[in-house]
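# Overview (structure and organization)
Take a look at the letters that make up each chain.
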Amino acid sequence: MIELQGIAKSYGPTQVLEKLNLRMESGEILCLQGESGCGKTTLLRIIAGLEMPDRGTVQIEGVDVRGVSPYRRNLSFAFQEPALWPHMTIHQNIRFAMDRPDEARVQELLAEAEVEPLAKRYPAEISGGQAKRVALVRALAPRKKLLLLDEPLSHLGPRLNAKMLDLILREVASTGSTLLFVTHSEEEACRVGGRLMVLPNLSEEM
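Everything in this summary refers to the structure shown in the same document.

Procedures and definitions
- Residue positions are given per chain, counting from 1 as you read along its sequence in written order.
- Totals for whole chains, interfaces and linings use all residues, but because this is a predicted model, local features are given only for residues with pLDDT of at least 70 and pairs of side-chain atoms are given and counted only at 80 or more.
- In computing side-chain values, all of the structure's heavy atoms are included and hydrogens and water are not.
- Residue burial is assigned from relative accessible area. The probe radius is 1.4 Å, only protein chains are included, and a residue is buried under 20% of its type maximum, exposed over 50%, and partly exposed in between.
- The secondary structure listing takes helices from DSSP runs of H or I that are at least 4 residues long and strands from runs of E that are at least 2 residues long, numbered from the N terminus.
- Pairing between two strands is assigned when DSSP locates at least 2 bridges connecting them.
- Assignment of crossover handedness uses the view with strands pointing away from the viewer, where a clockwise path from the first strand over the helix to the second indicates a right-handed crossover.
- Any carboxyl oxygen of Asp or Glu within 4 Å of a side-chain nitrogen of Lys or Arg constitutes a salt bridge here.
- Helix span, as expected, comes to 1.5 Å for every residue beyond the first.
- This arc is taken over the directions from the axis of the helix to the C-beta atoms.
- Nonpolar core, defined: a set of buried Ala, Val, Leu, Ile, Met, Phe, Trp, Tyr and Cys residues in which side-chain atoms within 4.5 Å join the residues together.
- Should any heavy atoms of two residues lie within 4.5 Å, those residues are considered in contact.
- The axes are straight lines fitted to the C-alpha atoms, using for helices just the contacting stretch, and the angles between their N-to-C directions are given from 0 to 180°.
- Between 30 and 60 degrees the pair is tilted, below 30 it is stacked and above 60 it is edge-to-face, where a pair is any two Phe, Tyr or Trp rings, Trp via its six-membered ring, whose centres lie within 6.5 Å.
- A ring is scored as having a charge over it whenever the NZ atom of a lysine or the CZ atom of an arginine sits within 6 Å of its centre and within 35 degrees of its normal.
- Any angle between 65 and 115 degrees counts as roughly perpendicular, while under 35 counts as roughly parallel, over 145 as roughly antiparallel, and the rest as oblique.
- Residues are grouped as follows: nonpolar covers Ala, Val, Leu, Ile, Met, Phe, Trp, Tyr, Cys and Pro; charged covers Asp, Glu, Lys and Arg; every other residue, Gly included, is treated as polar.

Across the 5 residues that make up strand β7 (residues 146-150), a large majority, 5, are buried. Here β7 shows a buried face lined by L146, L148 and D150 and a second buried face lined by L147 and L149. Judged from the 4 bridges that link them, strand β6 (residues 75-78) and β7 form a sheet pairing that is parallel. Within β7, the residue paired with S76 across the bridge is L147. Here β7 pairs with strand β8 (residues 178-183) via 5 bridges, running parallel. For L149, the partnering residue across the bridge sits in β8 and is F181. Traced from β7 through helix α5 (residues 158-175) to β8, the parallel crossover comes out right-handed.

Below, the structure is given as structure tokens:
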């Protein structure tokens, strides 16, 4: 599903990623763990096409995606910050993300995330934790082959953290999606399961 070769990325004098290689098979779960600043988010953004690597190649399903727009990469991305469309209601945010709108699925996901009563509200009218859950179900809704989740459970209490992780794993199991899950928590990485990859902090090594 994913093959990265020799990925390198710097921001000015700060080296974030260097000679990184990664291969993920279709349907695999990989948890990417590491300290803040080690390049976890940057790596996801490179795979999604939101950042360009300084060096290296990205292949998705055997195709070099250099120059391929993010929306053509057949993936879903849940950012660290919810990044909801402010001019759309919660219901519209989720529905718009789907290739083929499915009202029953929208309602099911709203209920699973316990945000169904907020469906007609706008992002500015809900809390940060609620927005986080909406952003996560928006990423799950289209059932893409590749799912990139950047700390999707951060800032949720223990009950909601467990509930949303269960939802993620059930969705991945039912759709056969490939999951790349980013966290800074070793305990959370163990709960996600699958393969674990720890990124070093290159700035500290220097």
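So, next bit.
For the rest of this paragraph, the subject is the pattern of salt bridges. All told, the structure shown has 17 salt bridges when counted by the stated rule. Put simply, R105 and E171 hold a salt bridge, and the shortest N to O gap is 2.6 Å. Of this pair, R105 sits in helix α3 (residues 103-112) while E171 sits in helix α5, and the two are 66 residues apart along the sequence. Here the two residues R105 and E171 agree in accessibility, since each one is buried.

The next thing to look at is α5. Over its 18 residues, α5 extends 26 Å from the first C-alpha to the last, a length consistent with the 26 Å expected when each residue adds 1.5 Å. For α5, the complete set of buried residues consists of L160, N161, M164, L165, L167, I168, E171 and V172. Buried residues of α5, viewed axially, fall in a sector of 155 degrees; they line one side. Among the exposed residues of α5, those pointing more than 90 degrees away from its buried face are P158, R159, A173 and S174. Once α5 finishes, G176 follows within two positions and takes phi at roughly 75 degrees, a positive value.

Attention shifts here to unusual backbone geometry. Although it is not a glycine, E114 sits at a positive phi angle of roughly 60 degrees. Along the chain, E114 falls in the loop between α3 and α4 (128-140).

A word on the nonpolar core. Counting residues in hydrophobic clusters, the biggest one holds 37 residues, and the most contacted among them are L149, M164, I168, L179 and F181. For this core, the elements supplying multiple residues, two or more each, are β3 (29-33), α2 (90-96), α3, α4, β7, α5, β8 and α6 (186-192). Excluding residues within four positions of it along the chain, L179 makes contact with M24, E28, I29, L30, L147, L149, I168 and V172. Of all hydrophobic cores here, the second largest spans 28 residues; its members include L30, V65, F77 and V182.

Sheets are built from strands that pair by backbone hydrogen bonding, the pairs being arranged parallel or antiparallel. The 5 strands lie next to each other as β6-β7-β8-β3-β9, forming an open sheet whose pairing is parallel. Both outer strands of the open sheet, β6 and β9 (195-198), are each paired with one neighbouring strand and no more. Averaged over all pairs of adjacent strands, the angle between their axes in this sheet comes to 15 degrees, without regard to strand direction. Running over the sheet, α4 touches β6 and β7 and is turned about 165 degrees from β7. Set on the sheet, α5 makes contact with β3, β7 and β8; between it and β8 the angle comes to about 155 degrees.

Attention now goes to the packing of aromatic side chains. Under the defined criterion, the tally for this structure stands at 2 aromatic pairs. With 4.3 Å between their ring centres and 10 degrees between their planes, F77 and F79 make a pair best called stacked. For F77, a relative accessible area of 13% gives the class buried. Overall, F79 belongs to the partly exposed group, its relative accessible area being 28%. Its end group placed over the ring of W85, R138 keeps NZ or CZ at 4.4 Å from the ring centre.

A word on the packing of α4 against α5. With their axes 11 Å apart at the nearest point, α4 and α5 run at an angle of 5 degrees to one another. Here α5 runs roughly parallel to α4, going by the angle between their axes. In this structure, α4 contributes R133, L136, V137 and L140 to the contact, and α5 contributes L160, M164, L167, I168 and E171. Classifying every residue of the contact of α4 with α5 by side-chain character gives 7 nonpolar, no polar and 2 charged.

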